[in-house]
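# A closer look at the structure
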Amino acid sequence: MKAMRKNFAVSEGIIRNSTGQSNTRTKSKQRNRNRNSNEKVKYDEGRRNDGGKREGVSVRREKSMVEIEREVLKNIVGQDKQVRQIITAIYRARNFRSIKSNVLVIGKSGTGKTETVKQIAKRLDIPYTIEDATKYTKAGYVGSDVTEMIYNLIEAANGDYVKAQYGLIFIDEIDKKAGGGIQNDVSGVEVLKSLLKIIEDATFPYPLPPRTNEELFNPKIVQVSTKNIIVMFSGAFSGIEKIVEKRLNTHSIGFDTSKDAGKKANSGKITKKDLIEFGMPEEFVGRIDTIVQMNDLNEADLTKILMKSDLSIFMRYRSELARKGVTLVYTNDIFGKIAKASLQTDTGARELSNTVNYMFEQIVYEILANPYKYSMCELEPEIVEDNSKFTLY
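Just so we're clear, the structure is a prediction, and the values are computed from it rather than from any experiment. (Residues numbered from 1 in each chain as written. Predicted model: local features only at pLDDT ≥ 70, side-chain atom pairs only at ≥ 80, totals over all residues. Heavy atoms only, no water.)

Time to look at the pairing of strand E6 (residues 128-132). The two faces of E6 differ: Thr129 and Glu131 on one face are buried, but Tyr128, Ile130 and Asp132 on the other face are not. Looking at chain direction, E6 and strand E7 (residues 168-172) are connected through five bridges and run parallel. Looking at E7, one finds that Thr129 is bridged to Ile169. (Buried < 20%, exposed > 50% of the residue type's maximum accessible area, 1.4 Å probe, protein only. Helix = DSSP H or I, 4+ residues; strand = E, 2+ residues; numbered from the N terminus. Pairing = 2+ DSSP bridges.)

It is worth spelling out the pattern of salt bridges at this point. Under the criterion given, the structure shown has 13 salt bridges. For the salt bridge of Glu215 with Lys220, the shortest nitrogen-to-oxygen distance reads 3.8 Å. Among the residues examined, Lys220 registers a relative accessible area of 42% and is labelled partly exposed. In this structure, Glu320 and Arg323 form a salt bridge, with 2.6 Å as the shortest nitrogen-oxygen distance. Within this pair, Glu320 and its partner Arg323 are both found in helix H16 (residues 313-323), separated by three residues, close to a single helical turn. Using a relative accessible area of 41% as the deciding quantity, one classes Glu320 as partly exposed. By sharing partners, the salt bridges in this structure join Lys63, Glu71 and Arg123 into a single network. (Salt bridge = Lys/Arg side-chain N within 4 Å of Asp/Glu carboxyl O.)

Attention shifts here to the pairing of E7. With five of its five residues buried, E7 lies for the most part within the structure. The two faces of E7 match: Leu168, Phe170 and Asp172 on one face and Ile169 and Ile171 on the other face are all buried. With four bridges connecting them, E7 and strand E10 (residues 230-235) associate as parallel partners. Looking at E10, one finds that Phe170 is bridged to Met232.

Before going further, it helps to spend a moment on the packing of helix H3 (residues 65-72) against helix H5 (residues 113-124). Viewed as axis vectors pointing N to C, H3 and H5 meet at an angle of 135°, and their least axial separation amounts to 10 Å. Our classification of the angle between H3 and H5 gives oblique. Here H3 runs over H5; the crossing is right-handed. Between H3 and H5, the contacting residues are Ile68, Glu71 and Val72 on the first element and Gln119, Ile120, Arg123 and Leu124 on the second. Residues belonging to the contact of H3 with H5 are distributed by class as follows: four nonpolar, one polar and two charged. (Axes fitted to C-alpha atoms, helices over the stretch in contact; angles between N-to-C directions. Parallel < 35°, antiparallel > 145°, perpendicular 65-115°, else oblique. Left-handed = near helix turned anticlockwise from the far one by under 90°. Contact = heavy atoms within 4.5 Å. Nonpolar A, V, L, I, M, F, W, Y, C, P; charged D, E, K, R; others polar.)

The next point concerns the sheet that holds E10. As summarised here, the arrangement of the five strands in space is E6-E7-E10-E5-E11, forming an open sheet in which the pairing is parallel. If you trace the sheet from one side to the other, it starts and ends with E6 and strand E11 (290-293), each paired once. Averaged over all pairs of adjacent strands, the angle between their axes in this sheet comes to 20°, without regard to strand direction. With four bridges joining them, strand E5 (residues 102-106) and E11 adopt parallel strand pairing. Residue pairing for E11: Ile106 is matched across the bridge by Gln293.

Below, the structure written as structure tokens:
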């Protein structure tokens, strides 16, 4: 083992023994204490009590923007400016109630569009729903109606329709609804036009769950307002860079994956005119007040995600193996190899999971098939390409 220790560096904090687990529990308790210390209350607009009336509801005070930003950036890498833009838009909507906030997030798959919003919503403790625009059609046709988004948001609020009216709807793949010159496209542009009801101050009827036999046949209907619902859209908008190039009369921009591309955030800023030329209805684009362009992630970003992010799939494997009594041994240059291999596809950070899952496939089998047999697993650098390159002791 001494020879092995000369050749392989065990990264700081890799070994998970009883002390390490205790530290984890201590940190968890500390987080709970910090969370409890912030539980000063305010009154929301209330919810329906047993008598059908409104009553005040005490809720936790929101964390500050700076605190939320700091926490989210522990998970989201390479998008510092973009995270701040999204946080600002959400806080603006929640604190300036007279200003509607409709945000469009543009970026390739795996750049953190959805994850950023989820991280913020969870920390603000607001109900949210992630919707796929491709499954929706115009009302009256086969497919889901946009009204379903409101119902999904209420479900996310555990049936509290009042709380849902201050929630967040995140609609992904919105670029797939861009028009292609087809009139009355019930699954495309017509859906975008239907979304105008949610974007604006509209009301939707919602039948309350029955509490009596009479209400089974005659449910009570309440009106759910979208006035304070935060609506966010996202999509890759593949090909829009050509529209921007044409407008700028240059060929130097785009969603490339070169080393510096991720830090340029696409030198050509996408405008509303570009979106309209892409095929988005003018009346829809006109209601977007914030456009966020995500950076492409480069090898350095993916390496940082693996090493530093709280969402690192590699570190989760390390922790799980430690719970099984197995210490993971490796050199830190393995992270660069994983990042480089993951960049071969065009799915950003999402591909890291596929690469790392492949690496640990045989290791997991051996450890689970032979419990308590091994205490150490040594990874060879070549395991990224050949998942048999490891040794169990």
